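Read off the chains here:
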Amino acid sequence: MSSTAWLILTIVGAVGSAACLYGFYGDRKRGYPALKTLDGQFELPDMRRSYSPEELFDCFEKVGPEGQKLLCRLWRLDSVFALFLALVLAVVSHNLAAFRWLRWAMYGLAALRSLLDLLENALLWKVCAAYPARRRTGAAKAASRCTTAKWAAAVVWVAGMFGALLVRAYVLGK
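Criteria and thresholds
- Chains are numbered independently. Their residues run from 1 in the order of the written sequence.
- Given that this is a predicted model, residues contribute local features only at a pLDDT of at least 70 and side-chain atom pairs are listed and counted only at 80 or more, while totals for whole chains, interfaces and linings are drawn from all residues.
- Heavy atoms from the whole structure form the basis of all side-chain values; hydrogens and water molecules are not counted.
- Strands are runs of DSSP state E lasting at least 2 residues, helices are runs of H or I lasting at least 4, and numbering of each runs from the N terminus.
- Each residue gets one of three labels from its accessible area relative to the maximum for its type: buried under 20%, exposed over 50%, partly exposed in between, using a 1.4 Å probe on protein chains only.
- Contact between two residues is taken to exist if any of their heavy atoms lie within 4.5 Å; hydrogens are not considered.
- Each accessible area value is a Shrake-Rupley result obtained with a 1.4 Å probe; residue values ignore everything except the protein chains displayed when judging cover.
- His residues and chain termini do not enter the charge count, which takes Lys and Arg as positive and Asp and Glu as negative.
- Lysine's charge is taken at NZ, arginine's at CZ, aspartate's at CG and glutamate's at CD.
- Working rule for helices: expected span equals 1.5 Å times residues minus one.
- Within 6.5 Å between ring centres, the rings of Phe, Tyr and Trp (the latter by its six-membered ring) count as paired, and their orientation is classed by plane angle as stacked under 30 degrees, edge-to-face over 60, tilted in between.
- Helix axes use the C-alpha atoms of the stretch in contact, all axes being lines fitted to C-alpha atoms, and the angles between their N-to-C directions lie in the range 0 to 180 degrees.
- Oblique is the label for any angle not covered by the other classes, which are roughly parallel (under 35 degrees), roughly antiparallel (over 145) and roughly perpendicular (65 to 115).
- Note: crossing handedness is left-handed where the near helix turns anticlockwise from the far helix by less than a right angle, and right-handed where it turns clockwise.
- Asp, Glu, Lys and Arg are counted as charged, while Ala, Val, Leu, Ile, Met, Phe, Trp, Tyr, Cys and Pro are counted as nonpolar; the rest, among them Gly, fall into the polar class.
- Salt bridges are counted wherever a side-chain nitrogen of Lys or Arg sits within 4 Å of a carboxyl oxygen of Asp or Glu.
- By nonpolar core is meant a set of buried Ala, Val, Leu, Ile, Met, Phe, Trp, Tyr and Cys residues that side-chain atoms within 4.5 Å join together.

**Q** How would you summarise the overall build of the protein chain if you had to cite specific residues and measurements?
**A** A count of helical and extended segments in the protein chain gives five helices and zero strands. Scanning the protein chain from its N terminus toward the C terminus, one meets helices and strands in the order α-α-α-α-α. Structurally, the protein chain occupies a C-alpha span of about 60 × 30 × 25 Å along its principal axes. Considering the protein chain as a whole, with its 174 residues, one finds that 43% of them fall into the buried category. Counting contacts in the protein chain only where the partners sit at least 6 residues apart, residues at least 24 apart contribute 76% of the total. Within the structure as shown, the protein chain displays about 9700 Å² of accessible surface, and the carbon and sulfur contribution to it stands at 67%. Both charge centroids of the protein chain, one from 22 positive and one from 12 negative side chains, sit 9 Å from each other.

See below:
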């Protein structure tokens, strides 16, 4: 791809990610701050390493029906964010990884992380939309596993990024 195409991907990924982050944290009426007003101890489940179905159901209970609607909105927004973040991670991978195999491994990890995030959001939305009429314990467990795998893929991607930076530093130092 041309350098212009990579520049466009950079801009789209950065602006899209920033807009989504504003929707999460800057929107006081429909974002994370609104959930914090409903439950002062609130933590987004998908920002934790893992959680049990009971912890998830307890979260829904504490924020109530209004908070559940907000959570479903945030998980839809997070799905859009996952796509923009994949662009950002791809651009960083392209710019840092000097070895082709490492670059492709980092592309794969970025895609895997985003796919797991999309699946996690779909499962969380499904569990949340059914609650309290149904407790979808199996889907809640699957969502938690996706959350754990998403964070593992992100950690391995970051390790690849630091490895690529060390290789670049070595090459520049020669």
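**Q** So what's going on with helix H1 (residues 3–26)? Which residues, and what values?
**A** In an α-helix, one turn spans 3.6 residues; hence positions three or four apart end up facing the same way. The end-to-end C-alpha distance of H1, which contains 24 residues, comes to 33 Å, matching closely the 34 Å that a straight helix rising 1.5 Å per residue would cover. For H1, the set of buried residues is Trp6, Gly13, Gly16, Ser17, Cys20, Gly23 and Phe24. In the core, the buried residues of H1 are packed alongside helix H2 (32–38), helix H3 (53–96) and helix H4 (100–130).

**Q** Run through the packing of aromatic side chains, naming residues and quoting values.
**A** Geometry of an aromatic ring pair is reported as the spacing of the ring centres plus the angle between the planes. Overall, the coordinates contain nine aromatic pairs when judged by the stated rule. Centre to centre, the rings of Trp104 and Tyr107 are 5.0 Å apart; their planes meet at 90 degrees, and the pair counts as edge-to-face. In this pair, Trp104 and Tyr107 are both assigned in helix H4, three residues apart and thus about one turn of the helix distant. Judged by relative accessible area, which is 54%, Trp104 ranks as exposed. For Tyr107, a relative accessible area of 16% translates into the label buried. These aromatic residues form a ring-pair network of at least three members: Phe24, Tyr25, Tyr32, Phe42 and Phe81.

**Q** Which residues make up the packing of H1 against H3, and what are the values?
**A** Relative to each other, H1 and H3 sit at 150 degrees, their axes nearing to 8 Å. The orientation of H1 relative to H3 falls into the category roughly antiparallel. Helix-helix and strand crossings are classified by hand; for H1 and H3 the assignment is left-handed. Residue composition of the contact of H1 with H3, by class: 17 nonpolar, six polar and two charged.

**Q** Give a detailed account of the pattern of salt bridges, specifying residues and quantitative values.
**A** Counting across every chain of the model gives eight salt bridges. When the shortest N-O distance is used, the salt bridge between Asp117 and Arg113 registers 3.2 Å. Note that Asp117 and Arg113 are positioned in helix H4 at a spacing of four residues, about one turn of the helix. Residue Asp117 is classed as buried on the basis of its relative accessible area of 0%. Classification of Arg113 by relative accessible area gives buried; the value is 9%. Taken together, the salt bridges that share partners define one network made up of Arg113, Asp117, Glu120 and Lys150.

**Q** Quick rundown of the nonpolar core? Include the residues and the values.
**A** Across soluble globular proteins, nonpolar side chains show a tendency to be buried alongside one another. Membership of the largest hydrophobic core comes to 40 residues, with the highest contact counts inside it found for Leu35, Phe42, Leu56, Phe60, Leu71, Val127 and Trp157. Broken down by element, the residue count for this core peaks at 15 residues, all from H3. Apart from the residues lying within four places of it in its own chain, the contact partners of Leu71 are Leu35, Phe42, Leu44, Cys59, Phe60, Val63 and Cys128.

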